[in-house]
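# Fold and geometry: a report
So the chains spell out like this:
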Amino acid sequence: MEEMDRTRAFVKDVKRLVIKVGTAVVTRNDGRLALGRLGSLCEQVKDLNTQGYEVILVTSGAVGLGRQRLRYRKLVNSSFADLQKPQVELDGKACAAVGQNSLMALYDSLFSQLDMSSAQLLVTDSDFRDKGFRRQLSETVMSLLSLRVIPIFNENDAISTRKAPYEDSSGIFWDNDSLAALLALELQADLLVLLSDVEGLYSGPPSDPQSKLIHTYVKEKHLDEITFGDKSRVGRGGMTAKVKAAVNAAYASIPVVITSGFAAENIIKVLQGKRIGTLFHQDAHLWEPLKDVGAREMAVAARESSRQLQAMSSEERKKVLLDVADALEGNEKLITAENDADVAAAEQAGYEKSLISRLVLKPGKISSLAKSIRMLANMEDPIGRILKRTQIADGLMLEKTSCPLGVLLIVFESRPDALVQIASLAIRSGNGLLLKGGKEAKRSNAILHKVITEALPEGVGRKLIGLVTSRDEIPDLLNLDDVIDLVIPRGSNKLVSQIKSSTKIPVLGHADGICHLYVDKSADMSMAKRIVLDAKVDYPAACNAMETLLVHKDLVQTGGLNDLIVDLRLEGVTLYGGPRASAELNIPETHSFHHEYNSSACTVEIVDDVQAAIDHIHEHGSAHTDCIIAEDHEVAEVFLRQVDSAAVFHNASTRFCDGARFGLGAEVGISTSRIHARGPVGVEGLLTTRWILRGSGQVVDGDKGIVYTHKNIPVDS
């Protein structure tokens, strides 16, 4: 299970919950029952019941369902002449009576299929004025819960004394949202879940792109900020009613979550403490600062600062990078002390050795980073370069120029040196930047961010590079596809996969670094030994380290395979084999060829020839970096042409796949995508293009008065 959100920690103590199902969840747009959603709801209730939770349902939908059925009956029984007459609106109480019968029949059928029993309890507002009724209600519900029966409540609209069920909001409760809140209080529930047709409470109408989901409602903060949209398409009050009921319940010590009833497993996710929907809690004001800088504000500030950076001259931007390099070296002792504290905490917490290895800033690392930044500063200015010049017509000149992407969001794990590389690339490319590092590197990231941003000139401002300190902010950031232009995750397969599935923003990166090294029968074995050891042992935790060694079958007979295995074992590498290698070498068989060890371990397999090696790489690889060691250049060329990876090497270690080693100055990450940028992503991968057209008064006018030349003009002319 994912780590529980800190604001949802109270769910560990939840035993009894009330779930309110809105009309928009129960019915489809055409008024018919949404059988799929109701089935999913009942299955979740079944799971919760099995786990020992006490579940009470409050359901809407009777009136809407009854109206749909009565309209149909009326249509069937009407003559053509009847249909020509003005149609009178059906009586709401009659609709409620007919619909309630159908609704409960469906619940009974669904729960029976799940080997469960349900009970119908219809109440009216006036009932709750009677203390004896309330006492008996509580006793009946407790009895049902002890029998593992699901009580299903609804207001008895058929005999309610309300003037109109959808208009009269007087009384102890005024709709099923307020009834659910009242029942949660009366029955001493630990949690109230209000299911809606949207994800939760938004700052404005959910259809407005500027609206953002509010994860935790703070009355003092949000009361005057929220703009409500239209009421529910079918229910009484929509989100306004839900918020009113939720606030009342929360301030009576009943936590409330408003979330979507359309999404699968949402009730289960709420009880797992996941950050979905909107939470109402009496202590919410203690968790949420009233004047914090939100995700949107941070992203907008980064964009504004990036425009100030772009407006500077090339020399001024160069000086910014040189100042950052000097600042890092000037604060090396302070940075090292904070990093040492992170490493000590990680070791005490029992983190894996591979993670700790990535966390450490080794001696000389700060100097190396500063050197890379200076190299980056001295490269050709990437912003505003003319890539193509075309004379469209006489006196009409078109230029294709390079420009920054805008605002980048980088989510990375473990490696604090990544923060420095990414920040320097963002500055050089003129992009705004938001950074979220792993909690294990919290102190290292904080000091590096402080040193770098304090070196930025006032004209640009520290907001050019924002440091996100809480994982709670990540979902909000991933929703800002109108403000953030590119997301680059650097970390585990799980991290990358989660981000890709959680955002509409383009994502650049790689989920796995399963790098292969194929030793051909023509290989110089002395060279092969050096390259194999370097690819695996130089830095086993790196994404460009060798994870699978493929060896030509002839090397089994010549002893070449055995020599490689001996050398790897002497270096402490744990070996796993494919079916052929495990049988030949008597080593444990790997559970999967698609496995990234990130440690001193690798997989070995024997293949028939170069084509078999290529096929193996395509089937089990991650399109990161793959290498062939061979003296037969025809075989090597086949490998180089056919292997479809971001980087393909001949007679060189996979460890060379690195932005700094490629001369890019630094890298923001390595991409295995096939769109935009591939392989180590340096400055050029953080740029896009725009068109500059210079004219002297030309107009199109139906293309009558213009002669197109479309003549390519040399860029340096």
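Residues numbered from 1 in each chain as written. Predicted model: local features only at pLDDT ≥ 70, side-chain atom pairs only at ≥ 80, totals over all residues. Heavy atoms only, no water.

Right, let's talk about helix α21 (residues 525-537) for a bit. Taking 1.5 Å of rise per residue, the 13 residues of α21 would be expected to cover 18 Å, and the 18 Å separating its terminal C-alpha atoms lies within 8% of that figure. For α21, every residue scored as buried is listed here: M525, M527, A528, I531, V532, A535 and K536. Down the axis of α21, the sector holding all buried residues measures 145°, keeping them to one side. Summarising the contacts, the buried residues of α21 are in contact with β15 (515-519), β16 (546-552), α22 (554-558), α23 (560-570), β18 (601-607) and β19 (625-629). The N-cap of α21, judged by a side-chain oxygen 3.0 Å from the amide nitrogen of S526 a few residues on, is D524. (Helix = DSSP H or I, 4+ residues; strand = E, 2+ residues; numbered from the N terminus. Expected span 1.5 Å × (residues − 1). Buried < 20%, exposed > 50% of the residue type's maximum accessible area, 1.4 Å probe, protein only. Arc of directions from axis to C-beta. Contact = heavy atoms within 4.5 Å. Polar contact = N/O pair within 3.5 Å; in protein donor to acceptor, adjacent residues only side chain to side chain.)

A few words on the environment of R67. Among the structural elements, R67 can be located in helix α3 (residues 62-76). Relative accessible area serves as the criterion here: at 17%, R67 is assigned to the buried category. Through-space distance from the C-alpha of R67 to that of D208 is 31 Å; in sequence the pair is 141 residues apart.

Moving on, we get to the confidence of the model for the chain. The predicted model of the chain averages 88 in pLDDT, with 91% of residues at 70 or higher. Below a pLDDT of 50 lies the segment residues 164-169, which in the model reaches eleven contacts outside its immediate sequence neighbourhood of four places, other chains included. (pLDDT = per-residue confidence, 0-100.)

Let us now look at the pattern of salt bridges. Two side chains carrying opposite charge are able to pair once their charged atoms lie near each other. For the structure shown, the criterion picks out 27 salt bridges. Here R129 ties to D125 by a salt bridge, and the two come within 3.0 Å at their closest N and O atoms. What makes R129 exposed here is its relative accessible area of 55%. With relative accessibility at 12%, the residue D125 sits in the buried group. In this structure, K319 engages D323 in a salt bridge whose closest nitrogen and oxygen atoms are separated by 3.0 Å. (Salt bridge = Lys/Arg side-chain N within 4 Å of Asp/Glu carboxyl O.)

This part is about the pairing of strand β2 (residues 54-59). Judged by how many residues are buried, β2 sits mostly within the fold: six of six residues are covered. Burial along β2 is two-sided: the face carrying E54, I56 and V58 and the face carrying V55, L57 and T59 are both buried. Both strand β1 (residues 16-21) and β2 contribute to a ladder of six bridges, which runs parallel. In the sheet register, R16 faces β2, and the bridge partner there is E54. Relative to strand β4 (residues 150-155), β2 runs parallel, the two being bridged by two bridges. Within β4, the residue paired with V58 across the bridge is F153. (Pairing = 2+ DSSP bridges.)

Between helix α13 (residues 314-330) and helix α16 (residues 365-377), the shortest axis-to-axis distance is 9 Å and the interhelical angle comes to 170°. Comparing their axes, α16 and α13 come out roughly antiparallel. Where α13 abuts α16, its residues K318, L321, L322, V324, A325, D326, L328 and E329 lie against I366, S367, A370, I373, R374, L376 and A377. A class-by-class count of the residues in the contact of α13 with α16 yields ten nonpolar, one polar and four charged. (Axes fitted to C-alpha atoms, helices over the stretch in contact; angles between N-to-C directions. Parallel < 35°, antiparallel > 145°, perpendicular 65-115°, else oblique. Nonpolar A, V, L, I, M, F, W, Y, C, P; charged D, E, K, R; others polar.)

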